[in-house]
Amino acid sequence: DSLCGKMAAVCERSLLEIGNLQRDFLAWREVRADLGVNAVPGVKYSDSAGGFFYEDSGKLQSVTRNRFIHWTSSGDTLHLMEQSLDTNLLNNTVRIKFMNCHVLPGGVHVHETHDRVTLLILTNQTVHRIVLPHPSRMYRSELISEGHIQSIFTDIGKLNFRDPANSFLIPGIQGHSTNSTASATWLNSDGEALLALPSWSGGILIIQLPEQDTTGSLISLELKQSSVMQRLLTGWMSTAIRGDQGPSDLPVSLAVQLVEHDAFIFALCQDHKLRLWSHKDQMCLMVADLLVFMPASKELRHTISLGHKLRLAYSSSGFFLGVYLHCPKRGQFCVFQLVSCIESNRYSLDHISTLFSTQETLVDFALTPTDIWALWQDEDNQSNVRYINFEHNNAGQWNQVFTEPVADEELHIPEDRDPKEAYLEYLFAPGRFTAQALLKALQIYCRGADRILDPSMDGLKKEVTLAVENAIQNSVTEYEFSQEVYRQLQVEFWSKFYACSLQYQEALARPLALLVNARTNMVCLLKKGFISFFFPCLTIDHLYMSSDECLFLEDECSLTDDPDVARDLHRLVQCLRLVGDSITLEMASLMETAVSHLHPPEKAAEQILEYLLARDTETHMELQSKLQDIRNPGNIIQLLLREMDHEGDLDIGDVQPLHIRMNMAQFYGSNVAINIVCQAAYHMSMTRFLICRDLLILEQLMLHLGDSVNLGAGGYLLQLQQDLIPRTSLLVCSYYVVRWASRSLASVVPIDTLESNLRQLSVLELTDANALTSQRPATGPRTVVESFYQNVARKHILSRLLSQANSPLNQPLISWTQIGIALTSHLLQYLWANNVSFLFPEFLMGHCQYVQLQEYVRLLQPWCEVNVGSRRFVLGQCYLSTGEGQKALECFSDAAAAVGREEFLDRLIRVEDEEAASNPRVQYYNKVLRLLEDMALPELVLQLAAIAVTEARDDWKILAALWTKIFKHHLDLGHNHQAYESLTQNPDSSRQLDCLRQLVVVLCERSQLQDLVEFPYINLHDEVVGIIESRARAVDLLTHNYYELLYAFHVQRHNFRKAGTVMFEYGMRLGREVRTLDGLQKQVNCYLVGINCLRQIRPEYAWIVRPAAGAMYERPGASPKRNHDGEHTVTQICQQIDIVELKNLEKEFVLARTRLLLAKHDPASAAIAGSASAEEMVALLVQVGLFDVAVSLCQTFKLSLTPIFEGLSFKCIKLQFMGEAAQSAAWDWLKTNQIPSIVATKESSATDEAWRLLSSYLDRYQSQSSQYHRCVINKLLSHGVPLPNWLINSYKKVDVAGLLRLYLNYDLLEEAVDLVLEYIDALMGKGHQYFGIERSLSATAPPVWLPYTAIDQLLQALGESNMNNVRLCDRLRRRLADYHQQVDQTTSDMTSYRRQQQFEDGANL
C-alpha cells in the first residue's frame, strides 16, 4: 500500500538528471580502420552521439532486458559502448579510429535481427559494416544469473576493417553531397544493407552493400524527380535517376520507414519541403510544403535552412513524423501522421500538433508516440532539456528536466578545514568529476606524461596531491613563512587545479544527443564524456524545485483530490521556496552543523529565523502574507510530513517460483543501475532535507507570529509545538543521515580483516555467505549506500516487489519511471532510521565499515528510538574490531536490555529450545561471550559473565555453564584463587569435577604447586586426591610429576602415611619405567623421603600398603569400559595387599641406592639395573667390580657371598694372564673397593692388588665349612691356575680335608700327596701350627683325625697311575704306617694314662 501511495505521488511533469560519471579509467580497446584514402581538406564535423535500445529491452524475461548501446563521435574517432542495467558487461568498450576520414554526425546506425546486430558506420569517404552476434545467441540459457557477462563487442577486435566485404569507398563521381550530413539506413527483407545519403545534385543517393561475407561492389542509384527515367551503367555498376533539380532541394534530414516489401524514405529538404520516396518504385510519392504550417512564413520562401530536423515514431496506430523547422530567431515543431489513399496510391500528411519553441538553439530532439523531447542550448552555452505531450498539453507548456550542474565554480573553504583535504574530498567525491577530466587537468597542470603509474582513482589522487604540493614548494622562495601564508598558497594552487578540472569536466559534460526508449520510457542524455539518465520526480520534490511559472494547479493534484487542499499545498510550498531562496550559505551551514553536532534542529531553525527577521523584512512580510492565504496550515503540514516519512512495514510476501527468482537475480544489479538508484536516493534525500529544513524554519516563524496574525483555523500553535515541529525535526535528522550515507565512501578493507570479521560473524551465526562472497568489483570508489544496495538491499527489494500483485515487476513491460521510483523508495525505507529494518547497520558491520558505522550510530543517538539496543550491539562490534574492548563491553551490556524487543537481537540469539527461550537475555550473553572468546579477550569475558550470572538466577544449567566459563578464563589468566572460587560456586558436580581436574593439570604445568596445595578443597578433598592420583598413574613420569604434588598435598595436611605411600609408589614406577640415571636418583630420593615419612609415625603404624603385582588402579572419573557388545564390563580389582613396613622400605632404599651406584659407575647398565632384584644386582655389581657394594647388599638382604668370591677370583685369573691395557683398566674397579693397606716394599701391580683384595675378603668374611675358600680354589683350579701359597696356607688351617678333595677332583695327585704328608707330619708334631692344630698327637692332647676316605681315594688313584705315582704311593704308605704306629703307641699311652688316672681318682675317693 505504501508503494502504491508513492507511485501515485509520481509527477509525470518533471524529471531529474542523474549523471553516470565514470569513476575509473575505462579500458578502451583500440581498433583502426584504414582503407588507404587521402584526407579531404577542409572537412570538419561537429561532435555527435547516438544510441540504440534492443527490441526486447523492456521485457522481463528477455536476454536483452535493460540493455542498450550508445556512442559518441569526434572527428575520425568513434567511441562505442554497450551498457546493461542488470549485469556488468565485459569488453563492452571499443574505440574505432578511421584513418583520414571523419565520422558523419548521425552516421552510426544499428539494426537488430533475431541472430545478429549490424552496425553501419558512415564517414565522409567510406562505409563500414560490422556484424556482431545477437546477445540471445551468445549465452546458453536465457536465465542470466552471473554478475558479469560478455558484451557483443567482445570479438570486434578480430574483425578486419580492410576486408572488402565489410568496408567500402563511397563513389566520388555523382556521389553524395558534402553540404549535408544527413543519412538513413535499413536492412531489406533479405538482410541486405542499404544507405540513403544526400546526393551532390540535391537528390537522394541509395547505396546497396553486397551480401555479407561476399566480395562485391557497391550498387547505387539516385532518386530524383523526373519525367524520364534511365539507367546509366558505370565502372562500379551504379544506377541513377536523373532530371532537373536544383541544389535547393538538398535533403538536410533523412528517415526511413519499412512498409511491407518497400522502404519509404522521408527527406526534409533545405527548401522547407518534406518529400516521400518509394525505394521499390523509385518515385516520389509526396511533396509537402511545411511553410504552410508556419505563421508569417512569406519571407522564408526564398531562403534555405540547414537546421531542419526530422524524426519518426512508431505506435500500434501507425507512425508519426516529427519535424523541427528552424528559422532565424524562432523555430517550431510540427507533428504529422501519414495518411494514404489506396485508390490513387497517393499520400498526405495529417497535422497533429504545432508547438512553438524559444529562441534557444536546438541541439537534438526525439519523438515518441506521445511526446517530443528537446535538447536546447542558450546563448550562454547552458544546456537544458524539456519535453511536451504533443496532443495533450497546457497551452504549449513544456515540462522541465532539472539538469545536473557540472560543479560549483568556486569552493568556499571554512577556516577550520585544511584546503588540501577540502579540495580532494570535493574533487574525488562520487558523481562530481570523471577520471578522464581529472587526468586531463593533471596533464595540463604539471605538463607531465600522458600516463600515470597507478591507473586508478587512488593512484590519480596521489598524483594530483603530489603535483599540487610540488607546485606550492616550487613557488616558495623563503624557507620560513607563517601558517596563514601557507594556507593562502594552498588555496591559490588548489583553486587553479580545481579550475582546470572544472574546465575539462564542462567539456566532457557537453550534451550531444537525446536517447529515448519509447517502450520503457527511459530517457538518456548523451554527453561528450559520459551518459546521464532522467529520473522521475515525486510530487513534493517537483513542487519544491519548480518555479511558480512552471506550476499549474490542475496538473499537480496527485497527492489529493480536494482542489482546496491542493491550493493550500501549493501556497505552502511557495513559502518553503521563498524561505530557501532567502537562506545564505552561512545560515545553511548552521543547520548542517547543528545536526552533525547532535544539536536540536529546531534550535538551529530559531537561530536562522532570527537572522532572517533581522536581515530581510521584505521576505518576512511576503511570507506572512502567503501564510495567511493557507486555510488550514496544520493539516497541510501534516500531509507534507506524512508524504515525506518513509516509515513502514518491510515484510516480504509470498516467495516467487524458482525460474522467476533466478531470472530476476541480476535485475538492476550492474554498476550503472547501482549508481542511478543510489544517486536518485541521494538527490531525493538532499531535496527532502532542504524541504524539511525550510519547513522547520517556517514552523518557527508561525510559532513566532503566534496569534497576532490570523493563520487559518485556530489551535494550531499547540499542534505546532507538540506534534509538527518535533516530527519535522525528526525528518530533518533522518534525511540528513540518508544524505550523509549516500555521500560517505566505503573503506577498502584488507583481506585479513575481512577474514577475521567473517569468523566473528560465523560465531554470531550472522554470516550471509551470498552477501559476503558475491561482492563484485566496483569501478572506482563506492559509497556505503551503493555497496549496501549492491550486496544486500537489492535482493530484499526485489523479493518484496515480486511478492506484490500491483508491483511494476509484475507488469508485461518494464516501466523505467515506476521501477526507478519503486527501487529508490524501498531503498530509502531500508536506510530510514526509524524503520524496524536493521539491514543497513548490519551490512556496515558485516563489511567492516567500522568508521562509517560509528558515525551512523553517533548521528542517530540523540533522536532515534528504534533499534537502540541493536545499534549499541553493532557499535560494540566496531569497538571490538578496533581494539577498544572496554567500550565494546559497555555497548554489549547496554544492548542486553533490548533483547526480546528488537528483531536483530532476537535473530542474533535464534532461540529454538523452549527451556532456553525462557531467558533470552542469558542466551544473548552466551552469544556475546562466545564472540569475546573468539577474539581472545578473557578479561571482558569475565566481566560479562559476572553480569550474566546475576541474570541466570536459579537456572542451575546456565549457572553451571557460566561458572565453568568464568573458571576457565580465570585459570587462563593465572587468577588461580579466583578460578578456585568459581569452581566451588559451580552447582553441577560433574562440571565441578572437570574444572577441578583442569585446575590440577594446568597448575602442575605452570609449576604453581604452592597454590594447588594450599587450596582448602572443602568437600572436595577425596576428589582432588583421586584426580591427582589418576593423573599421576596415567601420565608419563618424565612429562609431569604429580606424585611430588600429591606428596606435598598430604604433607601439608600431616598425613605422613599417605605421603610415604605416594613416594613409595613413585619410586616403584620409576624403577619400572624410568631406567635412567636420573630415574634411579629420583627413586633413591623417593624411598628416602618415604622412610622419613614413616619415621614421623608411631612405630606400630609405620607401614604402608603396596598393591600386589597385576592389580589395577580404579581411577576416579574414568569412563566406564565396555565389551564388544557395548555392555559394561566389571573391572576386577585385586584385593590382595602387601604390607610394607619400615624395615622393608629401608631394604628397598638400599637396593635402589645400590642401583644408583652401579648406574653412576657404569651408565650403560642403568637400563638393566632399574628393576633388578637384589640377587641380580649382586651379579651386576660383581661384573663391574663393585665388590664392596655387592658385599653390603648381600649382608642387607642376607644373601650368600659366594657369587662375590667367584667373581673376584675370576677377575684375578683374568688379570694374571692379561696384558698391560687390562692391568690399567683394572685399577678403575679396584679403587672402588677398600683394599687393606700394607707397607709396600716394591710397586705392586693391579694383579697383586686383586689377589690381595681376595685375600682380605677371605680373611674378613668367614663362613661355616669354609665355603668361600672352597669356591675360590674351585674357581682357580677349574681355570688351571696354580693356587697361591697364601691361599693354600689359609685353607689348610680351616679345612685340610676339603683342600685334599679339591686336589683329588682336579687330579692333582702330587699336591695331594704332599698335603697329606705335611698334614701327617703336623699331626705327629712337625709344623702343626700351619694346619691350625693346637697340639700334636700325644696321649694328653685332644684326639686328631685323618680324612681316610680322601686318603683312600688318593691311594687308589696313585695305584692306577705311572711309576712316579707308585713311588708317591709307597712314600705315603710308609708315612701312614709311621703315623699308625705312633697312633698305636699314643693310644696305648693314653689307655695307660687313663687307667692310672682312674686309679688315682679312686684312691683319692
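Residues numbered from 1 in each chain as written. Predicted model: local features only at pLDDT ≥ 70, side-chain atom pairs only at ≥ 80, totals over all residues. Heavy atoms only, no water.

Caption draft 1: A look at the overall build of the protein. Of the regular secondary structure elements, the protein holds 47 helices and 33 strands. Looking at the 1405 residues of the protein, the share that counts as buried comes to 52%. Element-wise, carbon and sulfur atoms account for 50% of the exposed surface of the protein, whose accessible area totals about 65,100 Å². (Helix = DSSP H or I, 4+ residues; strand = E, 2+ residues; numbered from the N terminus. Buried < 20%, exposed > 50% of the residue type's maximum accessible area, 1.4 Å probe, protein only. Areas by Shrake-Rupley, 256 points an atom, 1.4 Å probe, with all protein chains shown as cover.)

Caption draft 2: Fine view of the pairing of strand β18 (residues 262-269). In terms of residue burial, β18 counts as a mostly covered element, since eight of its eight residues are buried. Here β18 shows no split at all, with Asp262, Phe264, Phe266 and Leu268 on one side and Ala263, Ile265, Ala267 and Cys269 on the other all buried. Pairing between strand β17 (residues 251-259) and β18: eight bridges, direction antiparallel. Its bridge partner lying in β18, Leu254 is registered against Ala267. Turn length for the β17-β18 hairpin, with the two strands adjacent in sequence and antiparallel, is two residues, and the turn residue Glu260 shows positive phi of about 50°. Two elements, β18 and strand β19 (residues 273-278), share five bridges in a ladder whose sense is antiparallel. (Pairing = 2+ DSSP bridges.)

Caption draft 3: Local environment of the sheet that holds strand β16 (residues 219-223). Taken in spatial order, the four strands line up as β13-β14-β15-β16 in an open sheet, and their pairing is antiparallel. The outermost strands of the open sheet, each flanked by one partner alone, are β13 (184-187) and β16. Between one strand and the next, the sheet's axes are offset by a mean angle of 20°, whatever the strand orientation. Two elements, β13 and strand β14 (residues 193-198), share four bridges in a ladder whose sense is antiparallel. By the bridge assignment for β14, Thr185 is matched with Leu195. (Axes fitted to C-alpha atoms, helices over the stretch in contact; angles between N-to-C directions.)

Caption draft 4: Main features of the nonpolar core. Counting 168 residues, the largest nonpolar core has Tyr668, Leu698, Phe788, Leu827, Tyr856, Phe873 and Tyr924 as the members making the most contacts within it. With 19 residues, helix α13 (residues 671-705) is the largest single contributor of residues to this core. Once you skip the residues sitting within four places of it in the chain, Tyr856 turns out to touch Val737, Trp740, Leu831, Ala833, Phe840, Pro841, Leu844 and Arg871. Counting residues in each nonpolar core, the second largest holds 93 residues, with Leu1156, Leu1193, Leu1317 and Leu1376 among its members. (Core = buried A, V, L, I, M, F, W, Y, C linked by side-chain atoms within 4.5 Å. Contact = heavy atoms within 4.5 Å.)

Caption draft 5: Highlighting a negative patch on the surface. On the surface, Asp408, Glu409, Glu410 and Glu506 cluster together into a negatively charged patch. By relative accessible area, Glu410 is classed as exposed at 60%. (Patch = residues over 30% accessible without salt bridge, like charges linked within 9 Å, V, L, I, M, F, W, Y side chains within 5 Å. Salt bridge = Lys/Arg side-chain N within 4 Å of Asp/Glu carboxyl O. Lys, Arg positive; Asp, Glu negative; His and termini not counted. Charge placed at Lys NZ, Arg CZ, Asp CG, Glu CD.)

Caption draft 6: Broad picture of the packing of aromatic side chains. Here the structure, examined in full by the defined rule, presents 46 aromatic pairs. Between the aromatic rings of Phe68 and Phe533, the centroid separation amounts to 6.3 Å while the plane-to-plane angle is 80°, which identifies the pairing as edge-to-face. One end of the pair, Phe68, is in strand β4 (residues 67-74); the other, Phe533, is in strand β31 (residues 531-538), with 465 residues separating them in the sequence. Overall, Phe68 belongs to the buried group, its relative accessible area being 1%. On the basis of an interplanar angle of 45° and a centroid distance of 4.8 Å, the ring pair of Phe838 and Phe904 is categorised as tilted. Pair noted here: Phe838 is in the loop between α18 (816-831) and α19 (839-846) and Phe904 is in helix α23 (residues 903-909), with a separation of 66 residues, a long-range link. Judged by relative accessible area, which is 4%, Phe838 ranks as buried. By the ring-pair criterion, three or more aromatic residues cluster together here, those being Phe53, Phe68, Phe533, Phe535, Phe667, Tyr668 and Trp816. (Phe/Tyr/Trp six-rings, centres within 6.5 Å; stacked < 30°, edge-to-face > 60°.)

Caption draft 7: Representation of the pairing of strand β29 (residues 511-517) in the model. For β29, a buried count of six out of seven residues is recorded, marking the element as mostly surrounded by other parts of the structure. Both β29 and strand β30 (residues 522-527) contribute to a ladder of six bridges, which runs antiparallel. Looking at β30, one finds that Pro511 is bridged to Lys527. Taken together, β29 and the strand that follows it, β30, pair antiparallel across an intervening segment of four residues, in which Asn521 is found at a positive phi of about 65°.

Caption draft 8: Quick look at the packing of helix α7 (residues 563-582) against helix α11 (residues 633-644). Relative to each other, α7 and α11 sit at 80°, their axes nearing to 10 Å. The angle between the axes of α7 and α11 places the two elements in the roughly perpendicular class. Along its contact with α7, which presents Val565, Asp568, Leu569, Leu572 and Leu576, the element α11 presents Ile636, Ile637, Leu639 and Leu640. Per-class residue counts for the contact of α7 with α11 are eight nonpolar, no polar and one charged. (Parallel < 35°, antiparallel > 145°, perpendicular 65-115°, else oblique. Nonpolar A, V, L, I, M, F, W, Y, C, P; charged D, E, K, R; others polar.)

Caption draft 9: Region of the structure containing the side chain of Glu902. Along the chain, Glu902 falls in the loop between α22 (885-895) and α23. One buried charged residue, Glu902, remains without a salt bridge, the closest side chain of opposite sign being Arg901 at 5.7 Å. At 3.1 Å, the side chain of Glu902 and the backbone nitrogen of Val868 are in polar contact. With residues near it in sequence (within four places) discarded, Glu902 still touches Asn867, Val868, Gly869 and Ser870. (Polar contact = N/O pair within 3.5 Å; in protein donor to acceptor, adjacent residues only side chain to side chain.)

Caption draft 10: Seen up close, the confidence of the model for the protein. On average, residues of the protein carry a pLDDT of 84, and 89% of them reach 70 or more. This model gives residues 1-11 a pLDDT under 50, and the stretch forms 33 contacts once residues within four places in sequence are excluded. A low-confidence stretch, residues 1109-1117 (pLDDT under 50), is modelled with 14 contacts involving residues beyond four sequence positions or located in other chains. (pLDDT = per-residue confidence, 0-100.)

Caption draft 11: Up close: the packing of helix α20 (residues 850-860) against helix α21 (residues 868-881). Two elements in contact, α20 and α21, have axes whose closest approach is 10 Å; the angle formed by their N-to-C orientations is 145°. In this structure, the crossing between α20 and α21 has a hand that is left-handed. Touching Tyr850, Leu853, Gln854, Tyr856, Val857 and Leu860 of α20 are Arg871, Val874, Leu875, Gln877, Cys878, Tyr879 and Ser881, all from α21. (Left-handed = near helix turned anticlockwise from the far one by under 90°.)

Caption draft 12: Summary view of the pattern of salt bridges. One pass over the full model with this rule turns up 45 salt bridges. The shortest N-O distance in the salt bridge between Glu425 and Arg417 comes to 2.8 Å. Residue Glu425 is classed as partly exposed on the basis of its relative accessible area, which comes to 48%. Residue Arg1098 is joined to Glu1100 by a salt bridge in which the shortest nitrogen-to-oxygen separation is 2.6 Å. A residue is classified by how much of its surface remains accessible, and Arg1098, at 53% relative accessible area, is exposed.

Caption draft 13: Structural detail: the side chain of Thr619. Here Thr619 shows up in helix α10 (residues 617-628). Each residue touching Thr619, except ones within four places of it in the same chain, is listed here: Leu578 and Ser582.

Caption draft 14: Layout of the sheet that holds strand β10 (residues 126-133). Across the sheet, four strands lie side by side as β8-β9-β10-β12; this open sheet has antiparallel pairing. At either end of the open sheet lies a strand with only one pairing partner, and these are β8 (103-112) and β12 (167-169). When the angles between neighbouring strand axes are averaged without regard to direction, this sheet yields 15°.

Caption draft 15: Representation of the environment of Leu959 in the model. When you line up the elements, Leu959 lands in helix α27 (residues 956-972). Given the relative accessible area of 13%, Leu959 is considered buried. C-alpha of Leu959 to C-alpha of Gln985: the two residues are 26 residues apart in sequence and 9.0 Å apart in space. Among residues more than four places away in sequence, those in contact with Leu959 are Val949, Ala952, Arg953, Asp954 and Pro987.

Caption draft 16: Molecular detail of unusual backbone geometry. Backbone geometry at His272 places phi at a positive 70°, although glycine is not the residue there. Structurally, the position occupied by His272 is in the loop between β18 and β19. What makes His272 buried here is its relative accessible area of 2%. With phi around 50°, Tyr668 is a residue other than glycine that occupies positive phi space. As for its placement among the helices and strands, Tyr668 is situated in the loop between α12 (658-663) and α13.

Caption draft 17: Structural view of helix α2 (residues 419-427). Among all positions of α2, only Pro419, Ala422, Tyr423, Leu424, Tyr426 and Leu427 are buried. Tucked inside the fold, the buried residues of α2 contact α3 (435-446), α4 (457-475) and α5 (483-508).

Caption draft 18: Quick look at a nonpolar patch on the surface. On the surface, a nonpolar cluster with roughly 240 Å² of combined accessible area is contributed by Val1105, Ile1137 and Ile1139. Within the fold, Ile1137 resides in strand β33 (residues 1137-1141). What makes Ile1137 exposed here is its relative accessible area of 55%.

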